[in-house]
Structures are given as structure tokens and as C-alpha cells.
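# Chains, contacts and geometry: an overview
One-letter residues, chain by chain:
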Amino acid sequence: MPAWIRPTLVQAVAVVAVALAAGFGLRFALTGSDGNGAGAPAPGVSPTAVAATALAGRTIVLDPGHNGGNSRAATAISRPVPAGGFDKECDTVGAETDGGYPEHAFTFDLAQRAAVILRSRGARVVLTRPDDDGVGPCVDERARIGNGAAAAAVVSIHADGGPAEGRGFHVIAPALSPDRTNAVILAPSSRLAGTLRSAFGRATGQPLADYLGKEGMTIRSDLGGLNLSRVPKVFLECGNMRNRTDAAEIIDPAWRARAASGLADGVTAFLLGEGSPSAAPR
Ligand SMILES: [Zn+2]
């Protein structure tokens, strides 16, 4: 092979080896076995086997972004609400694929799938909306639901509407809010961002976003949902709906089953104490 290829190839092999080792490590830590266990929530998926009591007593809030009724309620969702030292619109319509699959439907589907897996591990799971044809809730209310549930972890589920040539997923971790009230969640949220990034990438094969952030992460202080949270919380942007390759995955129910498995594994790893609080770049 040409000399210029060799370093790339060596790096690729090393990356694959590290990824395999990391994957085995998580599965072994979670299960003590190779992880192909019972309780699969969807056909064709083998989510990591975790004891049915592993998350007993823990509450997880899943926050599917946007809502199916938002597009019919422009006035209601554009009203300003407190967002952590400033006001921001209540909610937004969200993105969609070029083929017309809307982000709100994707996020609700993924939340339901992940909830099944997490409940099978003993967790109490609360969704911030009960269906996909309502309006909102506003971002401040979404944060209150997590706080009110005393959630051990909250994941706000989204898919991006980025530039068509940009691919991949990323996790958004909180920065200190402008009103400086969310300091207590920064370290645990950073650790959650790290376990979620690892597990989601492993389950889906989805690359880290190549069009923003750093190593699949961004740290933001402009999101009311993170600024107002008093419990560990991150946003998961599962892919770019405007990118043809990502969109083909997002519309595929089998891919969404893998995505749900990755989401659930990332939250599980966090709740079992894995990961590092310095996962997110600062
Ligand atoms: Zn969104």
C-alpha cells in the first residue's frame, strides 16, 4: 500500500480496537457477561442485559423534544418564558427530514422505546409529554418536570436540523447558566454526557458530529432546559435530519431500536457510577 495510507490505517485499526475494548468493558461492567440477554424490547435488538432491579428506586426523566401540535400553535409556543437569566420562546416546531419525517415524531418514538428498556431494569421513567399531538410543554416546564420528579438523570431527546453536508450525533452538556443557578449539575451532567456519548455511538455506529462541537459534545448556556435544571441533565442530538445518510437511519425503526438501546445503556452506565465528570471539554 502507499506509504501515506499506512498511518491512517494503523490509526483506524487502533480506534476500532479501543472501541471494541470500551464496548466490552461497559457490557462486562453492566452485566458480568457478554451482554446478549433477555428482555429485548424490539425485534432484532439485543440491548445490554442488566438485572431487572439494577435501577430500582431511581427516577429517569426522558424529554422528547418539541410536539406534534406546535406547528398549529405559533402564538402559544412563541411566548417568552424564563430560561435561566433571560427569556426564550416557550418551544419550537423542530426539524424534519427532507422526506418530511418530523423531529417531534422521532423524539417521541425514541423516548418510548428507551423507557421500555429502562423500566425493564427497574427504573421509574417519566416522559415530559404523554403523546405526540399536543403543544409544548414550554422549556421551563420541561425542566420543572425533571426537578419535580427528583430525577437521577434527565435526557432531552432531539435530532438536529444542521447543514446538509454535516453528519453525526452530539451531546449537549450544561455550562453555568447566566443566572448562575445550575452550578450543582455541571459535574454530574458532564459525566452523563460522557456515558451517553460512548453508549449511543457504540449501539448505533453513528459517528460523532463533524459540523459542530468537539468530539461529539458542545457545552451551552443558552438552553433553558439545561439552565433551569437542578438535576443532572443533557441534550442528545441523535443525528442531523438534513443530512441524507443520517436521515436514512433516523427514519429506520431498526436503527431507532438501536438508538434507544444506546440511550438506555448510557443512562444506566451513569446511574451505576461509571464515567468521568471531566468527559465534556471545557
Ligand atoms: Zn430539537
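All values derive from a computational prediction rather than experimental measurement. (Residues numbered from 1 in each chain as written. Predicted model: local features only at pLDDT ≥ 70, side-chain atom pairs only at ≥ 80, totals over all residues. Heavy atoms only, no water.)

When glycine is set aside, most residues are seen to have a negative phi, and most peptide bonds are trans. Of the consecutive residues G136 and P137, the connecting peptide bond is found in the cis state with omega at 0°. Mapped onto the elements, P137 comes out in the loop between strand 4 (124-127) and helix 4 (139-148). Non-glycine residue A150 carries a positive phi angle of around 50°. Its location among the elements puts A150 in the loop between helix 4 and strand 5 (153-160). The class of A150 is exposed, set by a relative accessible area of 58%. The phi angle at R180 is positive, at roughly 55°, despite the residue not being glycine. (Helix = DSSP H or I, 4+ residues; strand = E, 2+ residues; numbered from the N terminus. Buried < 20%, exposed > 50% of the residue type's maximum accessible area, 1.4 Å probe, protein only.)

To continue, consider the coordination of the zinc ion. Tetrahedral coordination by four donors puts the ideal angle at the metal at 109.5 degrees, and octahedral coordination by six puts it at 90 or 180 degrees. On the protein side, the zinc ion has H66 (NE2), E103 (OE) and H158 (ND1) as donor atoms, found 2.0 to 2.1 Å from it. Binding-site remark: the zinc ion is held by donors from one chain whose sequence spacing is H-x36-E-x54-H. Separated by 37 residues along the polypeptide, H66 in the loop between strand 1 (59-64) and helix 2 (74-78) and E103 in helix 3 (residues 103-120) bring together distant segments of the chain. Comparing H66 with E103, the two get one shared label, buried. (Donors = N, O, S within 2.8 Å, 3.2 Å for Na, K, Ca; no water.)

With 41 residues, the main nonpolar core has L62, F106, L118, V155, L236 and L263 as its most contacted residues. If we skip the residues at most four places from it in the chain, L118 touches L55, I60, L62, A123, V125, A264, V267 and T268. Core analysis: the next-biggest nonpolar cluster, separate from the first, contains 6 residues, A149, A151, V154 and V231 among them. (Core = buried A, V, L, I, M, F, W, Y, C linked by side-chain atoms within 4.5 Å. Contact = heavy atoms within 4.5 Å.)

Within strand 8 (residues 233-240), 8 of the 8 residues are buried, which leaves the element mostly enclosed by the surrounding structure. Where strand 5 meets strand 8, 6 bridges bridge the pair, whose relative direction is parallel. Of the residues in strand 8, the one forming a bridge with S156 is F235. In the sheet, strand 6 (residues 170-174) pairs with strand 8 via 3 bridges, with the strands oriented antiparallel. (Pairing = 2+ DSSP bridges.)

Per the stated rule, a full pass over the model turns up 1 disulfide. What pairs with C90 in a disulfide is C138, and their sulfur atoms sit 2.1 Å apart. Here the disulfide of C90 and C138 is left-handed, its torsion about the S-S bond being about -90°. One end of the pair, C90, is in the loop between strand 3 (87-89) and helix 3; the other, C138, is in the loop between strand 4 and helix 4, with 48 residues separating them in the sequence. (Disulfide = S-S within 2.5 Å.)

In this section: the sheet that holds strand 6. The strand order across the open sheet built from 6 strands is 4-1-5-8-6-7, with neighbouring strands paired in mixed fashion. Two strands close off the open sheet at either side, each with one partner strand: strand 4 and strand 7 (217-220). In this sheet, adjacent strand axes meet at a mean angle of 25° when their direction is disregarded. Here helix 5 (residues 186-204) sits on the sheet and contacts strand 5, strand 6, strand 7 and strand 8; the angle it forms with strand 8, its principal contact strand, is near 30°. (Axes fitted to C-alpha atoms, helices over the stretch in contact; angles between N-to-C directions.)

This part is about the pattern of salt bridges. Per the counting criterion, the structure on display carries 12 salt bridges. Where D91 meets R142, a salt bridge forms, and the shortest distance between an N and an O atom there is 2.9 Å. Of this pair, D91 sits in the loop between strand 3 and helix 3 while R142 sits in helix 4, and the two are 51 residues apart along the sequence. In this structure R142 comes out as buried when scored by relative accessible area, which is 4%. Between D222 and R220 there is a salt bridge, and its shortest N-O distance comes to 2.9 Å. When salt bridges that share partners are traced, they join D63, D91 and R142 into one network. (Salt bridge = Lys/Arg side-chain N within 4 Å of Asp/Glu carboxyl O.)

Relative to the assigned elements, N227 resides in helix 6 (residues 224-227). When the C-alpha positions of N227 and N70 are compared, they lie 22 Å apart, and in sequence the two are 157 residues distant. If sequence neighbours within four positions are ignored, N227 has contacts with A83, G84, F86, A175, S177, P178, T181, N182, S221 and D222.

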